[in-house]
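Take a look at the letters that make up each chain.
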Amino acid sequence: MPEAIAITPLHILYLVGVIVILTVMILRKDTPAVCIAFLFLLGCVGLGSAAGGVQVVFKAILYAATQFMEVIATIALVTALSRCLTDLGSDYLLMTPMAKIMKTPSVTWWVLGFSMFLFSLFLWPSPSVALVGAIMLPFAIRAGLNPLYAAMTMNLFGHGFALSYDPVIQGAPAVSAGAAGIPTSAILSEGSCLFWVMGAVTILTAFLLNRRSLACAAPAGGAPAIPASAGGGRTLSRTAALSPANPSPARHSRAAVILAVLTPLVFLADILFMAFFHLSGGNATSIVSGTAVLLMCVGAVLGFQKKSLEKITEYITDGFLFAIRIFAPVMVIGAFFFLGGEGIRTIMGDVGTSGIMNDWALWLARHAPLNPYIAAFLELVVGGLTGLDGSGFSGLPLTGSLAATFGSATGASVPILASLGQISAVFVGGGTIVPWGLIPVAAICGVSPLDLARKNLLPVFIGFAAVFACACILL
């Protein structure tokens, strides 16, 4: 069994904070003020002074900002390219062929999702979001798909299904298998049924629950408008960046045609390059982001010539303003939840824990009565708890080692238990439930991360129920 964990006032206060923040989110209220209050209280308790509380508020937000900076830059540069494509009219030229496929919001929903799934299998979701967002998202919006549901299908297919299964790159299965002391192939073979049940049930449930509201109204003669409140909350409009300024121009400039041809060709070359050199994760994201900004510069020079220097500055400024506007509140929310993982050491120093939520997960595993079904339930819960810091992979060593422990104690299948923990950790922390984990797709689609998290909540939990039932049969 896991070693004994001492629960301190810091642990209790943090758990109260998690419950309060999640409750405020469910009530559809803003949470940054609550997060700041608990950051201050945790600093006071952990460092023993009010001055420590003040310092923790700043250090935690600064730590969150550094963790998010790669995503901020990616979103800013892809948004800058989108602005350039729109101003030149290249986006309309790109949309014309896809219009033959994306004829209805429902068809578009599935096409966008499966495209995201395939890209994510080979590149992982973060660079795939940038690629799909830059090339396919404008088509989806023009086909009438509500941006919130575009974000939903990209998110569930990519950061949910593809990342939790990960059969090609095998990053997640390798970590889980290594911690559980079993071959990676055991996770992928014995646990494959669980991954497919989770993915299929979650995605199909999301579609069926929302099929009547997938479309957004389009003004006559123009591209679909992004509603001020898609799905019942704030939506950050990117209409200007996602729909053509002139929906049916009689003529296109030479620059527009060149950029419309160059954009998909260069991104296709990126995909081949990343596949050939086995690049994924941050390395792949840097290739996509760098390509986006270079294409934007080429388009500005071709389209605006003497004014290109000013236009490049304008596009980059607009891109970063958009990205920061998205991230500003989420940095504060993320600052609180980073204290639940390894970030606490950087923010607060040595306070007797390497991760508050990990400690709670270990405490729960030690004090719960065990049988194969309780063990399976604990794997789901522990995986979800470790994912609250927004990192789908940070909890995999814990869920893998617990799978080995629970398997030997109850006679249950270790690969099945490890797969369950992997599914819940990635679906929660990888970016379908916690708003600070699904920022990239929300920002690319121009929707509120909180709204997207709320939309995902019911389908994902129905998926958890289905995969738990399946696991109980297979144990």
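Just so you know, these numbers come straight off a predicted model, no measurement behind them. (Residues numbered from 1 in each chain as written. Predicted model: local features only at pLDDT ≥ 70, side-chain atom pairs only at ≥ 80, totals over all residues. Heavy atoms only, no water.)

Attention now goes to the layout of surface pockets. There is about 720 Å³ of room inside the second largest pocket. Around the second largest pocket, the lining is made up of 26 residues, and of these Leu22, Leu388, Ile433, Leu457 and Phe461 lie nearest the centre. Per-element tally for the lining of the second largest pocket: the top contributor is helix 22 (residues 449–474), with 8 residues. Class assignment of the residues belonging to the lining of the second largest pocket gives a composition of 23 nonpolar, 2 polar and 1 charged. (1 Å grid on protein atoms, 1.4 Å probe; cavity = no way out; pocket = protein on both sides within 12 Å on 5 of 7 lines; lining within 4 Å. Points joined across faces, edges and corners; volume = space filled by probe spheres on them. Helix = DSSP H or I, 4+ residues; strand = E, 2+ residues; numbered from the N terminus. Nonpolar A, V, L, I, M, F, W, Y, C, P; charged D, E, K, R; others polar.)

Here we take up the packing of aromatic side chains. If you walk through the whole model with that rule in mind, you get 20 aromatic pairs. Put simply, the rings of Trp109, Trp110, Phe114, Phe117, Phe157, Phe161, Tyr165, Phe195, Trp196 and Phe207 pair up and form one aromatic cluster. For Lys311, the ring lying beneath its charged end belongs to Phe304, and the centroid distance is 4.8 Å. (Phe/Tyr/Trp six-rings, centres within 6.5 Å; stacked < 30°, edge-to-face > 60°. Lys NZ or Arg CZ within 6 Å of the ring centre and 35° of its normal.)

A rise of 1.5 Å per residue sets the reference length of helix 11 (residues 192–210), with its 19 residues, at 27 Å; its end C-alpha atoms lie 27 Å apart and thus fit the reference within 8%. Taken as a whole, helix 11 has its buried residues at Leu194, Phe195, Met198, Gly199, Thr202, Ile203, Thr205, Ala206, Phe207 and Asn210. (Expected span 1.5 Å × (residues − 1). Buried < 20%, exposed > 50% of the residue type's maximum accessible area, 1.4 Å probe, protein only.)

What follows concerns helix 13 (residues 254–276). The end-to-end C-alpha distance of helix 13 is 33 Å, a good match for the 33 Å that 23 residues give at a rise of 1.5 Å each. Within the sequence span of helix 13, burial applies to Ala255, Ala256, Leu259, Ala260, Thr263, Phe267, Asp270 and Met274. After helix 13 finishes, the residue His278 shows a positive phi value of roughly 55 degrees.

Let us look at the side chain of Asp270. Counting through the fold element by element, Asp270 comes out in helix 13. On the accessibility criterion, Asp270 (9% relative accessible area) is buried.

So, about unusual backbone geometry. Phi is positive for Asp166, which is not a glycine, with a value near 50 degrees. For Asp166, the location among the structural elements is in the loop between helix 8 (147–165) and helix 9 (171–180). Relative accessible area serves as the criterion here: at 1%, Asp166 is assigned to the buried category.

A cluster of nonpolar residues, Phe40, Leu41 and Val54, forms a patch on the protein surface that exposes about 240 Å² of accessible area. Secondary-structure assignment places Val54 in helix 3 (residues 50–88). (Patch = residues over 30% accessible without salt bridge, like charges linked within 9 Å, V, L, I, M, F, W, Y side chains within 5 Å. Areas by Shrake-Rupley, 256 points an atom, 1.4 Å probe, with all protein chains shown as cover. Salt bridge = Lys/Arg side-chain N within 4 Å of Asp/Glu carboxyl O.)

Right, let's get into the environment of Phe195. Within the secondary structure layout, Phe195 lies in helix 11. Residue classification places Phe195 among the buried positions, given a relative accessible area of 1%. For Phe195, the residues in contact, after removing those within four places along its chain, are Phe161, Ser164, Tyr165, Ile187, Ser419, Gln422 and Ile423. (Contact = heavy atoms within 4.5 Å.)

The biggest cluster of nonpolar side chains holds 142 residues, and the ones touching the most others in it are Tyr14, Phe68, Trp109, Leu112, Phe267, Phe336 and Phe337. Ranked by residues supplied to this core, first place goes to helix 3 with 17 residues. (Core = buried A, V, L, I, M, F, W, Y, C linked by side-chain atoms within 4.5 Å.)

Close inspection of predicted coordinates is inappropriate for parts of the model with low pLDDT. Scored by pLDDT, the protein comes out at a mean of 80, with 87% of its residues at no less than 70. Of all the helices and strands in the protein, helix 12 (residues 239–242) carries the lowest mean pLDDT, 42, while helix 11 carries the highest, 94. Segment residues 217–250: pLDDT under 50, and 86 contacts once partners within four positions in sequence are set aside and those in other chains are kept. (pLDDT = per-residue confidence, 0-100.)

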